[in-house]
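# What the coordinates show
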Amino acid sequence: MRGVTGKILLFGLAALMLSVGDAYAWGSDKMVIVNDREYTIDDFQHWWLYWNNNKPAPLPQSPEGFVDFHLLAQQGEEMEYFRRPDFIRKVEIFLKFRTMMLLKSEEVDAKISVSDDDIEKYYREAYTPIWLLQIQTYDDMEKARLAYEKMLPYKGQPAGRLVFADLQGLGSEAGGPLAHEESKVTPDALSANKMVNWLEVVRRTEVGAVAEPFTFPDQPGKFVLLRVDGVEQPAESDLIHRKESIRSKIVKRERGRLTYELIERLKKKYEVEVDDKLLVEIVPDQEYPADFLDRPVITMQGMEISVGLYLQNLRNEIKSRPGLSLEQVKKITEDGIVSQTLITKESIKRGYEKEPPLKWGYEFYRQNHLRAQVEKGLQEKIEITEDDILEYYRQNGAAFNDAEMITYAIIEDEKEIIDKIWSGVLTGADFFDLGKKYDKEERIVSGERDKMVPVLGVAADRLVKGEVAAPVQTDLGYALIKLLDRKTGNKKTFDQVRDQVVEMVRKVKFDEAKREYLQKLRSLSNIKVDYKVWKKIVEESENESKK
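Treat the numbers as computed from the prediction; the structure is a model and nothing was measured.

Scoring rules and cut-offs
- Residues numbered from 1 in each chain as written.
- Predicted model: local features only at pLDDT ≥ 70, side-chain atom pairs only at ≥ 80, totals over all residues.
- Heavy atoms only, no water.
- Salt bridge = Lys/Arg side-chain N within 4 Å of Asp/Glu carboxyl O.
- Helix = DSSP H or I, 4+ residues; strand = E, 2+ residues; numbered from the N terminus.
- Buried < 20%, exposed > 50% of the residue type's maximum accessible area, 1.4 Å probe, protein only.
- Pairing = 2+ DSSP bridges.
- Contact = heavy atoms within 4.5 Å.
- Axes fitted to C-alpha atoms, helices over the stretch in contact; angles between N-to-C directions.
- pLDDT = per-residue confidence, 0-100.
- Expected span 1.5 Å × (residues − 1).
- Arc of directions from axis to C-beta.
- Core = buried A, V, L, I, M, F, W, Y, C linked by side-chain atoms within 4.5 Å.
- Patch = residues over 30% accessible without salt bridge, like charges linked within 9 Å, V, L, I, M, F, W, Y side chains within 5 Å.
- Areas by Shrake-Rupley, 256 points an atom, 1.4 Å probe, with all protein chains shown as cover.
- Lys, Arg positive; Asp, Glu negative; His and termini not counted.
- Charge placed at Lys NZ, Arg CZ, Asp CG, Glu CD.
- Polar contact = N/O pair within 3.5 Å; in protein donor to acceptor, adjacent residues only side chain to side chain.
- Parallel < 35°, antiparallel > 145°, perpendicular 65-115°, else oblique.
- Left-handed = near helix turned anticlockwise from the far one by under 90°.
- Nonpolar A, V, L, I, M, F, W, Y, C, P; charged D, E, K, R; others polar.

## With respect to the pattern of salt bridges
Across all of its chains, the model carries 49 salt bridges by this definition. One salt bridge in this structure joins Glu244 and Arg247, with 3.3 Å as the shortest N-O distance. Separated by three residues within a single helix, Glu244 and Arg247 lie in helix α9 (residues 237-269), roughly one turn from each other. Overall, the relative accessible area of 25% leaves Arg247 in the partly exposed class. Residue Arg449 is joined to Asp461 by a salt bridge in which the shortest nitrogen-to-oxygen separation is 2.9 Å. Pair noted here: Arg449 is in the loop between β11 (443-448) and α18 (454-461) and Asp461 is in helix α18, with a separation of 12 residues, a long-range link. Since its relative accessible area comes to 42%, Asp461 is described here as partly exposed. Look at the salt bridges and you will find they share partners, linking Glu106, Glu107, Lys111, Arg265, Lys269, Glu346 and Arg350 into a network.

Structure (structure tokens):
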């Protein structure tokens, strides 16, 4: 039953695990031998960090848990659990996310650098100047053209502003002006609202002039008449105010550009080809025969994307993108499939899991999953009888009852003040009034009796509702408590808690089965622990915690 080295071929995707290389003064000293494998301080330290979900934790009392982990993982390899489809699929998913993130970090994020000059340049282009615009919109080009011609004599004249605002003489019936407003806008505001043609028009229009009518973005039937009433420059402090926002926008822009360039390089590398004629034939709300669904619509080295897979993605995109044309959603679907597949292929090809930082996380995940498979096999062999369940309930039934709930008021202070309040209580004064008299505000506490501070719980046990207990000493000083309410925990019948009892019995039996299984593995295995090295780890950890 000794563990042996298993080999596994994986094709998947992935992302970045925490880099833990600088957390401790780790080393390559050999610490443990489990069968034919040697494990170093590095191995233990990384295992311990991942075992605790990447959070620092006090070291265990001994390395026995580390040994048990690898005994079970080696046993999982010997039983070839790594060949099971569900094992392969889970490891592929793990790799998919992490290697993709590493690829993007290497090819995109690491290449982005934003300087103060970059920020200032972006600011000058996006936020200067500020234009004061007069705008009217028409449904009829002839009416818009007539209004434009009426404004020509007023080019550059202050009176033009009033004349432009008084173009209602054209009539508001069919083709008349639909809206009028005066706005302060920046190049960024026009670009952000996809009004690129507005931006081009405004840039070439002089102050006081009216631009020739032009169409509204994405609305061919709407015609815009626009007058530039003035130009301003923002306050000097505006750049400082927008600095971090601009930095984020530049990073986002560069990330998009570098990602696009990466995808274009990968398209050439993996020889991507798209069957555009076949794409035209695909209609989302139509049913197709199997042979049509199996046809490749996108091909690349070592992979084909079928019509069926493309159609599935297309239908999902249509649901999430209402308002877009079918052609637009088809393009989005195509780009998404191609980019995702290429990044996946390239991520896996680079073998990130063979080197830090992913190496440690990948090895732990794989070994931990092997261990879990062995434990799952033990769980599946557990048999639970009705007698087992009844016996456990007979011995532990009280643990399944509802907790007793206590609500009390507490005043805490030095012994002298608490004794004075207690003396007042003994002479019949109100607990709360006494608190106010000595300028002490009580706290109202409600919770489970078993979770109370022990000395307060004992005091509460002696009280009935409304009574005050004699002073008690706590870690914070002295205290008086008044019992406000007590709700006894409801006793639950066997039928009410049967399912919970079954799970507890299952856990007890599993713990015993695992203990016996590990004893057997240990008896058949070669295990050596260098306790001098273990002592070194403990000392280094203690020294680190003292800093």
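## Describing the pairing of strand β1 (residues 30-34)
Relative to strand β2 (residues 37-40), β1 runs antiparallel, the two sharing four bridges. Note that in β2 the partner of Val34 across the bridge is Arg37. Linking two consecutive strands that pair antiparallel, namely β1 and β2, is a turn of two residues; a positive phi of about 60° is found at Asn35 within it.

## Description of the sheet that holds strand β8 (residues 296-300)
Pairing within the open sheet is antiparallel, and its three strands lie in the order β7-β8-β9. The outermost strands of the open sheet, each flanked by one partner alone, are β7 (273-274) and β9 (303-306). One ladder, built from four bridges, connects β8 with β9; its direction is antiparallel. Residue Thr299 lies in a different strand from β9, and its bridge partner there is Glu304. Against the sheet, helix α13 (residues 326-349) touches β7, β8 and β9, its axis set at about 30° to β8.

## Regarding the confidence of the model for the protein chain
Averaged over every residue, the pLDDT of the protein chain is 87; residues scoring 70 or more account for 91%. Confidence scores differ between elements of the protein chain, with strand β4 (residues 177-185) showing the lowest mean pLDDT of 64 and helix α2 (residues 64-78) the highest of 97. Scored below 50 in pLDDT, residues 1-26 shows 100 contacts in the model against residues more than four places distant or in partner chains.

## Overview of the sheet that holds strand β12 (residues 472-474)
Read across the sheet, four strands follow the order β11-β10-β13-β12 without closing on themselves; strand pairing throughout is antiparallel. In the strand order of this sheet, the two ends are held by β11 and β12, each with one partner. Neighbour to neighbour, the strand axes of the sheet diverge by 45° on average, direction disregarded. Two elements, β12 and strand β13 (residues 477-487), share three bridges in a ladder whose sense is antiparallel. Opposite Gln473, over in β13, you have Tyr478 as the bridge partner. Against the sheet, α18 makes contact with β10 (405-413), β12 and β13, and its axis sits at roughly 160° relative to β12, the strand it touches most.

## Digging into helix α4 (residues 116-127)
Between its first and last C-alpha, α4 extends 16 Å over 12 residues, near the 16 Å set by a 1.5 Å rise per residue. Within the span of α4, buried status applies to Ile119, Tyr122, Tyr123, Ala126 and Tyr127. What you see down the axis of α4 is that its buried residues fit within an arc of 105°, all on one side. Residues Asp117 and Lys121 are exposed on α4 and point more than 90 degrees away from its buried face. Among the structural elements, β3 (130-138), α7 (187-192) and α9 are those in contact with the buried residues of α4.

## A word on the nonpolar core
Ranked by size, the top nonpolar core spans 63 residues in total, and within it Met31, Phe44, Ile282 and Val297 carry the most contacts. Setting aside its immediate chain neighbours within four residues, Ile282 contacts Tyr288, Phe292, Val297, Val307, Tyr310, Leu311, Leu314 and Lys330. In this structure, Leu133, Ile135, Leu199 and Val224 belong to the second largest nonpolar core, which totals 14 residues.

## Considering a positive patch on the surface
There is a patch of like positive charges on the surface, built from Arg84, Arg89, Lys90 and Lys376. In this fold, Arg89 is placed in helix α3 (residues 85-107). What makes Arg89 partly exposed here is its relative accessible area of 45%.

## Description of the side chain of Thr407
Inspection of the secondary structure assignment puts Thr407 in strand β10. A distance of 3.1 Å separates the side chain of Thr407 from the side chain of Ser446, its partner in a polar contact. Contacts of Thr407, omitting those with residues within four sequence positions, involve Ile444, Val445, Ser446, Lys482, Leu483, Leu484 and Asp485.

## Focus: the packing of helix α1 (residues 41-51) against helix α20 (residues 531-546)
Running from N to C, α1 and α20 cross one another at 50°; their axes reach a closest spacing of 11 Å. Accordingly, the angle class assigned to the pair α1 and α20 is oblique. Crossing handedness for the pair α1 and α20: right-handed. Contact residues: α1 offers Ile41, Phe44 and Gln45, while α20 offers Val533, Trp534, Lys536 and Ile537. A class-by-class count of the residues in the contact of α1 with α20 yields five nonpolar, one polar and one charged.

## Concerning unusual backbone geometry
Of note, the bond from Thr128 into Pro129 is cis; its omega dihedral lies within 30 degrees of zero at -5°. Inspection of the secondary structure puts Pro129 in the loop between α4 and β3. Cis geometry is found at the peptide bond from Pro356 to Pro357, where omega equals 5°. Its identity is not glycine, yet Asn35 carries a phi of approximately 60°, on the positive side. Summarising the element assignment, Asn35 is placed in the loop between β1 and β2. Even without being glycine, Glu80 reaches a positive phi, approximately 60°. Along the chain, Glu80 falls in the loop between α2 and α3.

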